[in-house]
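Summary of structural features
For reference, the chains in residue letters:
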Amino acid sequence: MNKEKKFDCVKFKQELHEKAYKKSGAKDFREYIHYVNERANKSLLHKANNKNV
């Protein structure tokens, strides 16, 4: 018997975004975008990519 795990990528993405939106405390979409941009600028991945520029 082969048991396959079912994983819904779209549902997972939506849940991640919903959690991030709640964590941001944003009152509207602009505040959320501002929060996301700040987080991205502080990310180690972002800093690593800037070294190549």
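First, a word on what this report is: a plain description of the structure on this page.

The rules behind each value
- Residues numbered from 1 in each chain as written.
- Predicted model: local features only at pLDDT ≥ 70, side-chain atom pairs only at ≥ 80, totals over all residues.
- Heavy atoms only, no water.
- Phe/Tyr/Trp six-rings, centres within 6.5 Å; stacked < 30°, edge-to-face > 60°.
- Buried < 20%, exposed > 50% of the residue type's maximum accessible area, 1.4 Å probe, protein only.
- Helix = DSSP H or I, 4+ residues; strand = E, 2+ residues; numbered from the N terminus.
- Patch = residues over 30% accessible without salt bridge, like charges linked within 9 Å, V, L, I, M, F, W, Y side chains within 5 Å.
- Areas by Shrake-Rupley, 256 points an atom, 1.4 Å probe, with all protein chains shown as cover.
- Salt bridge = Lys/Arg side-chain N within 4 Å of Asp/Glu carboxyl O.
- Axes fitted to C-alpha atoms, helices over the stretch in contact; angles between N-to-C directions.
- Parallel < 35°, antiparallel > 145°, perpendicular 65-115°, else oblique.
- Contact = heavy atoms within 4.5 Å.
- Nonpolar A, V, L, I, M, F, W, Y, C, P; charged D, E, K, R; others polar.

**Quick word on the packing of aromatic side chains**
For the coordinates displayed, the defined rule picks out three aromatic pairs. Relative to Phe-12, the ring of Phe-7 lies with its centre 5.4 Å away and its plane at 50°, an arrangement referred to as tilted. Phe-7 gets classed as exposed once you look at its relative accessible area, which sits at 56%. Aromatic side chains Tyr-21 and Tyr-32 sit 5.0 Å apart centroid to centroid with 55° between the ring planes, which places their arrangement in the tilted category. Taken as a pair, Tyr-21 in helix α1 (residues 9-24) and Tyr-32 in helix α2 (residues 29-42) lie far apart in primary sequence, eleven residues in all. On the basis of relative accessible area, Tyr-32 is assigned to the buried category, the value being 9%. Site record: aromatic cluster; members linked through ring pairs are Tyr-21, Phe-29 and Tyr-32.

**Some thoughts on a nonpolar patch on the surface**
On the surface, a cluster of nonpolar side chains totalling about 320 Å² of accessible area is made up of Phe-7, Phe-12 and Leu-16. Topologically, Leu-16 is positioned in helix α1. Judged by relative accessible area, which is 44%, Leu-16 ranks as partly exposed.

**Some details on the packing of α1 against α2**
Contact geometry of α1 with α2 gives a least axis separation of 10 Å together with a crossing angle of 95°. One element, α1, and the other, α2, form an angle in the roughly perpendicular class. Contact with α1, carried on its side by His-17, Ala-20, Tyr-21, Lys-23 and Ser-24, involves Phe-29, Tyr-32, Tyr-35 and Arg-39 of α2 and no other residues of that element. Tallied by class, the residues present in the contact of α1 with α2 amount to five nonpolar, two polar and two charged.

**Digging into the pattern of salt bridges**
Opposite charge on two side chains lets them pair, provided their charged atoms get close. Evaluation of the coordinates by the stated rule reveals one salt bridge. Its salt-bridge partner being Glu-18, residue Lys-22 comes within 3.3 Å of it at the nearest N-O pair. Of the two residues, Lys-22 and Glu-18 are both situated in helix α1; the distance of four residues between them amounts to about one turn of the helix. Judged by its relative accessible area of 61%, Lys-22 is exposed. Judged by relative accessible area, which is 45%, Glu-18 ranks as partly exposed.

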